[in-house]
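The residues making up each chain are set out below.
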Amino acid sequence: MQDWFQTPPGRYLLAWEQAQFDQAVADVFGYHALQLGVAEVDGLRSNRMPRRWLAMADSADAPRAALITDFAALPFAANSLDLVVLPHALELSPDPHATLREVERVLVPEGKAVISGFNPASLWGMRQRRAHLYRRFGFGDLYLPESGEFIGYWRLRDWLRLLSFEVESGSFGMYRPSVRSEGWLERFRWMDAAGERWWPIFGAVYFVVAVKRVRGMRLLSAEWRRAASRTSAPVPIAGNVGVRLENKEGSN
């Protein structure tokens, strides 16, 4: 995918996804965050957690500081990460469901997973399927990266539900048609606003924020500390006050 991100459609996608990740993770608090997937999107750029890692599955495209690992066997303890972002990580994984199970394992209760992926039910997705069909007959050129298998939005939501995730938000974006040139993409800029209003589920990319829920667990707010301090505060006993008054009168 690295070469594809240098094309006009790739730059268009990077700009949209970077803005989505910046907004989604800016107010997610904790100590440990991890990014799985393409390094061209800096999914943790606006997050303020002190410890952040970038994990890649292939050393060929990985930056020097990246952690090379199998996405289905992450080198982190269970319930140890507060945030995991996955820009196109699931569709690049040979076993996306195993990757998602591993994300659920390493996340703390109430931890968040932020996921982006190509939408098969879009103009871009339809052109990609048509190109795959044509290639069987020896011609045709793919519009999107060849690696990976696209996962439908509703299919992903089913996987998340089975793993006890709750979808906090889901959105689509990028409604311009599947053209290659910068000029034609700019000419169709108006379709982004029209798509959000008239056909929102047909955007080229979807963006999902999910929260790991644990049954029978309820997080306490800071109010319990104040309530406990009020409960443990000393309370004057009326009888003791009366004894002191009587002793004082007797001494007179």
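Residues numbered from 1 in each chain as written. Predicted model: local features only at pLDDT ≥ 70, side-chain atom pairs only at ≥ 80, totals over all residues. Heavy atoms only, no water.

Caption draft 1: The overall build of the protein chain, seen in detail. Of regular secondary structure, the protein chain possesses nine helices and seven strands. By residue count, 42% of the 252 residues in the protein chain fall in the buried class. Considering only contacts within the protein chain whose residues lie at least 6 apart along the sequence, 69% involve residues at least 24 apart. Accessible area for the protein chain stands at about 14500 Å²; split by element, carbon and sulfur atoms hold 55% of it. (Helix = DSSP H or I, 4+ residues; strand = E, 2+ residues; numbered from the N terminus. Buried < 20%, exposed > 50% of the residue type's maximum accessible area, 1.4 Å probe, protein only. Contact = heavy atoms within 4.5 Å. Areas by Shrake-Rupley, 256 points an atom, 1.4 Å probe, with all protein chains shown as cover.)

Caption draft 2: Representation of helix α3 (residues 96-106) within the structure. Those residues of α3 that fall on the buried side of the exposure criterion are P96, A98, T99, L100, E102, V103 and V106. If you follow the buried residues of α3, they end up packed against β1 (32-36), β4 (81-87), α2 (89-92), β5 (107-118), α5 (153-162) and β6 (165-173).

Caption draft 3: Representation of the environment of A15 in the model. Relative to the helices and strands, A15 is located in helix α1 (residues 8-25). It is 8.7 Å that separates the C-alpha atoms of A15 and V41, two residues lying 26 residues apart in sequence.

Caption draft 4: Main features of the packing of α3 against α5. Packing of α3 against α5 leaves a shortest axis separation of 10 Å and a crossing angle of 45°. Comparing their axes, α5 and α3 come out oblique. The interaxial crossing formed by α3 with α5 has right-handed handedness. Contacts from P96, H97 and L100 in α3 reach L156, W159 and L160 in α5. Grouping the amino acids of the contact of α3 with α5 by side-chain chemistry returns five nonpolar, one polar and no charged. (Axes fitted to C-alpha atoms, helices over the stretch in contact; angles between N-to-C directions. Parallel < 35°, antiparallel > 145°, perpendicular 65-115°, else oblique. Left-handed = near helix turned anticlockwise from the far one by under 90°. Nonpolar A, V, L, I, M, F, W, Y, C, P; charged D, E, K, R; others polar.)

Caption draft 5: Layout of the packing of aromatic side chains. Taken as a whole and judged by the stated rule, the model has eleven aromatic pairs. Put simply, the rings of W4, F5, Y12, F118, W124 and F150 touch in pairs and so form one group of aromatic residues. (Phe/Tyr/Trp six-rings, centres within 6.5 Å; stacked < 30°, edge-to-face > 60°.)

Caption draft 6: Structural context of the pattern of salt bridges. Applying the stated criterion across every chain, the model contains twelve salt bridges. Residue E182 is joined to R11 by a salt bridge in which the shortest nitrogen-to-oxygen separation is 3.0 Å. Here the residue E182 occupies a position in helix α6 (residues 182-187), and R11 occupies one in helix α1, the gap between them amounting to 171 residues. With relative accessibility at 41%, the residue R11 sits in the partly exposed group. (Salt bridge = Lys/Arg side-chain N within 4 Å of Asp/Glu carboxyl O.)

Caption draft 7: Representation of the sheet that holds β6 in the model. Pairing in this open sheet of seven strands is mixed, and the strands run β3-β2-β1-β4-β5-β7-β6 from one edge to the other. The open sheet has two edge strands, β3 (67-68) and β6, and neither has a second partner. For β1 and strand β2 (residues 51-56), the ladder comprises five bridges, and the chain directions are parallel. What sits directly across from H32, in β2, is R51. (Pairing = 2+ DSSP bridges.)

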